Amino acid sequence: MSRLYRETMYYCGEVHLDVDIYPVWDKQRGRGPKRRPTSEVQEKLNQKNAERELARLLDTNFTQNDLRFDLTYNDAHLPKNDEEALRDAANFIRRVKYQRRKLGLSELKCVIVTAVGAKSGRYHHHIVMSGGLTIEQLAALWRPRGFTTLKPLELDDNGFVGVANYFARQNSVGKRWRTTRNLERPRQHQRDGKISAHRVTEWGFGIRLSRGY
């Protein structure tokens, strides 16, 4: 039985390369032992994978010229249930698309998380979307339901990891996040056996490179 290491490379836009490194067993020589992770370990793994998947998606589709903002509710318009909150989000995105078409802007790209506050129990929406509209224009499309708060869309050497982690850790309604259908997926390439166990120990099982891959 022989073990080797697999690299899965994700090319995210023009700048970032995200690499997963993990052991696999040579199928010609037999399979490795099957071990089922505990529910706690699996939950942590699922969370980490979700955060990295969202970071790759943001890096591939957005820049600091785009927008990040939150939509919150006043008491009079607070949704009664999950379905109503999701419907509010969908209606808002539809109005944004219409406004962009009127102004001759490019097709909307968007990632949205609808969540419930862990302590307050209030519904709210976290959004990253294409730039072009001002926060005042977006606020007008959300009235009279509540408030629109612009947040920094922070990009550093690790891309949008911080934003992705925050979004993926929300107490979300339904899916962890929803997107417009036109988002590009990172290009993916895989290879086996090109990296040694010593390198894996040195680098770890996931690396993120920036600028000039």
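Note: the structure precedes this text.
Residues numbered from 1 in each chain as written. Predicted model: local features only at pLDDT ≥ 70, side-chain atom pairs only at ≥ 80, totals over all residues. Heavy atoms only, no water.

**Some words on the overall build of the protein**
What counts, and what does not: The numbering of helices and of strands both runs from the N terminus, where a helix is a DSSP run of H or I of at least 4 residues and a strand a run of E of at least 2. A 1.4 Å probe rolled over the protein chains alone gives each residue an accessible area, and that area as a share of the maximum for its type sets the label: buried under 20%, exposed over 50%, partly exposed in between. Using the Shrake-Rupley algorithm and a 1.4 Å probe, accessible areas are obtained, with residue cover drawn only from the displayed protein chains.
Across its full length, the protein holds five helices and nine strands. Expressed as a percentage of the 213 residues in the protein, the buried residues total 42%. As displayed, the protein offers around 13,000 Å² of accessible surface, 47% of which is attributable to carbon and sulfur atoms.

**Quick look at unusual backbone geometry**
Looking along the chain, the bond that leaves Arg143 and enters Pro144 is cis, with omega of 5 degrees. Examined against the element boundaries, Pro144 turns out to sit in the loop between α3 (135-142) and β6 (146-151).

**What about the packing of aromatic side chains?**
Worth spelling out the cut-off: Only the six-membered ring of Trp is used, alongside the rings of Phe and Tyr, when aromatic pairs are assigned; centres must lie within 6.5 Å, and planes under 30 degrees apart are stacked while those over 60 apart are edge-to-face, with the rest tilted.
Considering all chains together, one arrives at four aromatic pairs under this definition. Taking the centre distance of 6.2 Å and the plane angle of 70 degrees together, the rings of Phe69 and Phe92 count as edge-to-face. Here Phe69, found in strand β3 (residues 67-73), pairs with Phe92, found in helix α2 (residues 82-103); they are 23 residues apart in sequence, far enough to count as distant. Summarising the aromatic geometry, the rings of Tyr166 and Phe167 are spaced 6.4 Å apart at their centres and angled 55 degrees between planes, so their arrangement reads as tilted. The rings of Phe69, Tyr73, Phe92 and Trp142 are connected pair by pair, giving a single aromatic cluster.

**Some remarks on the packing of α2 against α3**
We count it as follows: A fitted line through C-alpha atoms represents every axis, and for helices the fit uses only the stretch in contact; the resulting angles, taken between N-to-C directions, go from 0 to 180 degrees. Relative orientations are named as follows: roughly parallel for angles under 35 degrees, roughly antiparallel for angles over 145 degrees, roughly perpendicular for angles from 65 to 115 degrees, and oblique for any other angle. By definition, turning the near helix anticlockwise from the far helix through less than a right angle yields a left-handed crossing, and turning it clockwise yields a right-handed one. Note on contacts: a residue pair is in contact if any heavy atoms of the two residues lie within 4.5 Å.
Between α2 and α3, the shortest axis-to-axis distance is 10 Å and the interhelical angle comes to 130 degrees. With respect to their mutual orientation, α2 and α3 come out oblique. Where α2 crosses over α3, the two elements pack in a sense that is right-handed. Contact residues: Asp88, Phe92, Arg95, Val96, Gln99 and Leu103 in α2; Gln137, Leu138, Leu141 and Trp142 in α3.

**Here's the deal with the nonpolar core**
Which entries qualify depends on this criterion: Here, the term nonpolar core denotes a set of buried Ala, Val, Leu, Ile, Met, Phe, Trp, Tyr and Cys residues that are joined through side-chain atoms within 4.5 Å.
Counting residues in hydrophobic clusters, the biggest one holds 21 residues, and the most contacted among them are Phe69, Phe92, Val96, Cys110, Ile127, Met129 and Leu138. The set of elements that each furnish at least two residues to this core consists of β3, α2, β4 (110-116), β5 (123-129) and α3. Considering each element in turn, this core owes the most residues, five residues, to α2. Beyond its immediate stretch of four places on either side in the chain, Ile127 contacts Leu67, Arg68, Phe69, Leu71, Phe92, Cys110, Val111, Ile112 and Phe167. Ranked by size, the runner-up nonpolar core spans 18 residues in total, among them Ala50, Val111, Val163 and Phe167.

**Observations regarding the environment of Val116**
When you line up the elements, Val116 lands in strand β4. Judged by relative accessible area, which is 18%, Val116 ranks as buried. Taking the C-alpha atoms as reference, Val116 lies 9.0 Å from Asp82; in sequence the two are 34 residues apart. With sequence-adjacent residues up to four places away left out, Val116 is seen in contact with Gly121, Arg122, Tyr123, His124, Asn171 and Val173.

**Some words on the sheet that holds β6**
Selection criterion: Two strands make a pair as long as DSSP finds a minimum of two bridges between them.
Taken in spatial order, the five strands make up an open sheet running β6-β3-β5-β4-β7, and their pairing is antiparallel. Each having just a single partner strand, β6 and β7 (178-179) make up the two edges of the open sheet. Pairing analysis gives six bridges linking β3 to β5, with the strands arranged antiparallel. Among the inter-strand pairings, Phe69 is bridged to a residue of β5, identified as Ile127. Helix-sheet contacts for α3 involve β3, β5 and β6, and the interaxial angle to β6 is about 155 degrees. Sitting on the sheet, helix α4 (residues 161-168) touches β3, β4 and β5, and the angle it makes with β5 is about 155 degrees.

**Some details on the pattern of salt bridges**
To keep things clear, this is the line we draw: Salt bridges, as used here, are contacts in which a Lys or Arg side-chain nitrogen is within 4 Å of a carboxyl oxygen on Asp or Glu.
In the structure shown here, the tally under the stated rule is five salt bridges. When the shortest N-O distance is used, the salt bridge between Glu40 and Lys44 registers 3.7 Å. Of this pair, Glu40 and Lys44 both sit in helix α1 (residues 39-61), four residues apart, which is roughly one turn of the helix. A relative accessible area of 51% means that Glu40 is categorised as exposed. The exposure class of Lys44 is exposed, given its relative accessible area of 56%. One salt bridge in this structure joins Asp75 and Arg122, with 2.9 Å as the shortest N-O distance. On the criterion of sequence distance, the pair formed by Asp75 in the loop between β3 and α2 and Arg122 in the loop between β4 and β5 is long-range, its members being 47 residues apart. For Asp75, a relative accessible area of 63% corresponds to the exposed category.

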